[in-house]
Amino acid sequence: LENLQPEIKELAKRLRYEVSVRGKQLGWSEKVARFHFAKNMRRLVAELYVRDNCHPFKATLLLWVQIPMWVCVSLALRNCSVGALGSAVQEQFSSGGALWFTDLTAPDSTWILPVSLGLVNLLVVEV
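Predicted model only: the values in this text are computed from it and were never measured.

**Description of the environment of Leu 4**
Considering the arrangement of structural elements, one finds Leu 4 in the segment before helix 1 (5-26). Taking the C-alpha atoms as reference points, Leu 4 and Leu 48, separated by 44 residues in sequence, lie 7.8 Å from one another. Residues within four places of Leu 4 in sequence aside, it is in contact with Leu 48, Tyr 49, Arg 51, Asp 52 and Cys 54.

Next up, the structure:
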């Protein structure tokens, strides 16, 4: 989408000129000229999206999958950690950790996991 912006700006400039010339020839009001410009601009931009296969919805498609998945996983982990699934799961979490986090129901006092998770997410966003 970003690579198309210079081409879209150039098309908009050319289309604005063509619409103004055609509007003067046919005696269009400013409102009618804006309508024709917007309609033709939408059509041209849609053609560019098809040509380069880069519709803006494709950029948001991952979010429509990722956000519900994140909510479900967060709720599942919350239910597991507060004992909503039963005491057997709670007992397994309290003795099933590794390395410095042996109790998975206790907060991470060293902040290693939250900070490393934040840094990994920042790296993913920046890359």
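Back to the write-up after that little detour.
**Concerning unusual backbone geometry**
Trans is the prevailing form of peptide bonds, just as negative phi is the prevailing case for residues other than glycine. In this structure, Asn 53 takes a positive phi of about 55° despite not being glycine. In this structure, Asn 53 sits in the loop between helix 2 (30-52) and helix 3 (56-81). Looking at Asn 53, the relative accessible area reads 54%, which means it is exposed. The backbone of Trp 111 shows a phi angle near 65°, a positive value even though the residue is not glycine. Here Trp 111 is to be found in the loop between helix 4 (87-95) and helix 5 (112-126).

**Details of the packing of helix 1 against helix 2**
Across the interface, helix 1 lies against helix 2 with an axial gap of 10 Å and an inter-helix angle of 150°. Classified by the angle their axes make, helix 1 and helix 2 are roughly antiparallel. Between helix 1 and helix 2 lies a crossing whose hand is right-handed. Mapping the contact onto sequence places Glu 7, Ile 8, Leu 11, Ala 12, Leu 15, Arg 16 and Val 19 in helix 1 and Ala 33, Phe 37, Asn 40, Met 41, Leu 44, Val 45, Leu 48 and Arg 51 in helix 2.

**Re helix 1**
With 22 residues, helix 1 extends 31 Å between its outermost C-alpha atoms, agreeing within 8% with the 32 Å of an ideal straight helix rising 1.5 Å per residue. Taken residue by residue, helix 1 has Ile 8, Leu 11, Ala 12, Leu 15, Val 19 and Gly 23 as its buried positions. Along the axis of helix 1, the buried positions cluster into a sector of 105°, meaning they face one direction only. Among the exposed residues of helix 1, those oriented more than 90 degrees off its buried face are Pro 6, Lys 9, Lys 13, Tyr 17, Lys 24 and Gln 25. Lining the buried residues of helix 1 we find helix 2. Residue Gly 27 follows helix 1 closely and has a positive phi angle near 75°.

**What to know about the nonpolar core**
With 14 residues, the main nonpolar core has Leu 4, Ile 8, Leu 15, Phe 37 and Met 41 as its most contacted residues. Elements with a contribution of two residues or more to this core: helix 1 and helix 2. In terms of residue count, the dominant contributor to this core is helix 2 (seven residues).

**Brief notes about the pattern of salt bridges**
The final tally for this structure, using the stated rule, is four salt bridges. Arg 34 is paired through a salt bridge with Glu 30; the nearest N and O atoms lie 3.9 Å apart. With Arg 34 and Glu 30 both in helix 2 and four residues apart, the pair spans about one turn of that helix. Here Arg 51 makes a salt bridge to Asp 52, at a shortest N to O gap of 2.9 Å.

Here is what the cut-offs are and how they apply
Residues numbered from 1 in each chain as written. Predicted model: local features only at pLDDT ≥ 70, side-chain atom pairs only at ≥ 80, totals over all residues. Heavy atoms only, no water. Helix = DSSP H or I, 4+ residues; strand = E, 2+ residues; numbered from the N terminus. Contact = heavy atoms within 4.5 Å. Buried < 20%, exposed > 50% of the residue type's maximum accessible area, 1.4 Å probe, protein only. Axes fitted to C-alpha atoms, helices over the stretch in contact; angles between N-to-C directions. Parallel < 35°, antiparallel > 145°, perpendicular 65-115°, else oblique. Left-handed = near helix turned anticlockwise from the far one by under 90°. Expected span 1.5 Å × (residues − 1). Arc of directions from axis to C-beta. Core = buried A, V, L, I, M, F, W, Y, C linked by side-chain atoms within 4.5 Å. Salt bridge = Lys/Arg side-chain N within 4 Å of Asp/Glu carboxyl O.

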